[in-house]
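Results of the structural survey
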Amino acid sequence: KQEVTQIPAALSVPEGENLVLNCSFTDSAIYNLQWFRQDPGKGLTSLLLIQSSQREQTSGRLNASLDKSSGRSTLYIAASQPGDSATYLCAGGDNYGQNFVFGPGTRLSVLP
Amino acid sequence: DAGVIQSPRHEVTEMGQEVTLRCKPISGHDYLFWYRQTMMRGLELLIYFNNNVPIDDSGMPEDRFSAKMPNASFSTLKIQPSEPRDSAVYFCASSFGQGIGYTFGSGTRLTVV
């Protein structure tokens, strides 16, 4: 059964810093991987989707990578801003890319 | 499109009562998912549908939980009878295949007293 972990559980950084969030999964047969953002009291918003044939995806200041062989994914946020403060969750897709198993999330605080 | 629409936003009910949560997915999406989120267990998949057909309901905790998708634009999650341990935020999400366009609703916060 796929298990997803995220380190650290919480992170606090000053505005402007570059940062990396880590995600690990136990089953290397992962098909795809998504990073989501969740603001307090809200639903999740998909940030980046890395499909099976891809190794990374970029959107603006965000870059996510996927290394199936090591069971890891990272989310890189450049030049962090207070508006980036949220909980970030990664989710690994099963071999059909549909059933996503979510990690517990990293709660990020970017201080002005 | 208005996104995935869930109702109600908040529900407070007494133990033993029936609770029905509703979801309208994004038009054109093939897949619909029901999740439950708690502090202790995080986000858990309860059931998902493909083209209105239930594909995997292994996450449904007990027979007290049931889900239906009578058409492409509507789904319900029913709990009967409800128990205090069912208190959680329930999310509905929809997507195209392979996780493309994965969109969550705003959730229903359920409190069973």
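So, a few notes on the structure that sits alongside this text.

Conventions and cut-offs
Residues numbered from 1 in each chain as written. Chains lettered and ligands numbered in written order. Predicted model: local features only at pLDDT ≥ 70, side-chain atom pairs only at ≥ 80, totals over all residues. Heavy atoms only, no water. Helix = DSSP H or I, 4+ residues; strand = E, 2+ residues; numbered from the N terminus. Rg over C-alpha atoms; globule rule 2.2 N^0.38 Å. Buried < 20%, exposed > 50% of the residue type's maximum accessible area, 1.4 Å probe, protein only. Contact = heavy atoms within 4.5 Å. Buried area = accessible area lost by both parts, 1.4 Å probe. Salt bridge = Lys/Arg side-chain N within 4 Å of Asp/Glu carboxyl O. Polar contact = N/O pair within 3.5 Å; in protein donor to acceptor, adjacent residues only side chain to side chain. Nonpolar A, V, L, I, M, F, W, Y, C, P; charged D, E, K, R; others polar. Pairing = 2+ DSSP bridges. Axes fitted to C-alpha atoms, helices over the stretch in contact; angles between N-to-C directions. Disulfide = S-S within 2.5 Å.

**Side note on the overall build of chain B**
Within chain B, the regular secondary structure consists of zero helices and 11 strands. For chain B, the succession of helices and strands along the chain, N to C, is β-β-β-β-β-β-β-β-β-β-β. On C-alpha atoms alone, chain B measures out to a radius of gyration of 13 Å, which is about the 13 Å that the 2.2 N^0.38 rule sets for 113 residues. Each of the 113 residues in chain B was classed as buried or not, and the buried ones make up 47%. Sequence-distant contacts, at least 24 apart, represent 54% of the contacts inside chain B between residues at least 6 apart.

**Section: the interface of chain A and chain B**
Contact with chain A, which involves 19 residues of that partner, is made by 20 residues of chain B. In terms of surface lost to chain B, no three residues of chain A exceed Leu 44, Gln 98 and Phe 102 of chain A, which account for 37% of the buried area on that side. Summed over the shared surface of chain A and chain B, the number is zero salt bridges. Joining chain A to chain B, the criterion identifies five residue pairs in polar contact (both at pLDDT 80 or more). For the side of chain A that touches chain B, the per-class residue count stands at seven nonpolar, 10 polar and two charged.

**What about the sheet that holds strand 3 (residues 19–24) of chain B?**
Residue and element names in this part refer to chain B. Judged by pairing direction, the sheet is antiparallel, and its four strands sit side by side in the order 1-3-8-7 without closing on themselves. Edge strands, defined here as strands with exactly one partner in the open sheet, are strand 1 (5–7) and strand 7 (65–71). With strand direction ignored, the average angle separating the axes of adjacent strands in the sheet is 15°. Where strand 3 and strand 8 (residues 74–79) come together, five bridges link them in antiparallel fashion. Within strand 8, the position partnered with Thr 20 by the bridge is Lys 78.

**Considerations on the pattern of salt bridges**
Residue and element names in this part refer to chain B. Within the structure shown, the criterion is met by 10 salt bridges over all chains. Across the pair Arg 36 and Glu 44 runs a salt bridge whose closest N-O atoms are separated by 3.5 Å. Salt bridges sharing partners connect three or more residues here, namely Glu 62, Arg 64, Glu 83, Arg 85 and Asp 86.

**Thoughts on the sheet that holds strand 1 (residues 4–7) of chain A**
All names here are of chain A. Taken in spatial order, the five strands make up an open sheet running 1-3-8-7-6, and their pairing is antiparallel. Because the sheet does not close on itself, it has two edges, and the strands there are strand 1 and strand 6 (56–59). Taken pair by pair, the neighbouring strands of this sheet meet at an average axis angle of 15°, ignoring direction.

**With respect to the state of the cysteines**
In the structure shown here, the tally under the stated rule is two disulfides over all chains. Residue pairing for Cys 23 of chain A: its cysteine sulfur links by disulfide to Cys 90 of chain A, the two sulfurs lying 2.0 Å apart. With the S-S bond torsion at 75°, the cross-link from Cys 23 of chain A to Cys 90 of chain A turns out right-handed. Here the residue Cys 23 of chain A occupies a position in strand 3 (residues 19–25), and Cys 90 of chain A occupies one in strand 9 (residues 86–93), the gap between them amounting to 67 residues. Using a relative accessible area of 2% as the deciding quantity, one classes Cys 23 of chain A as buried. Using a relative accessible area of 0% as the deciding quantity, one classes Cys 90 of chain A as buried. Each sulfur of the disulfide joining Cys 23 of chain B and Cys 92 of chain B lies 1.9 Å from the other.

So far we have only geometry, and geometry alone does not tell us how the molecule works.
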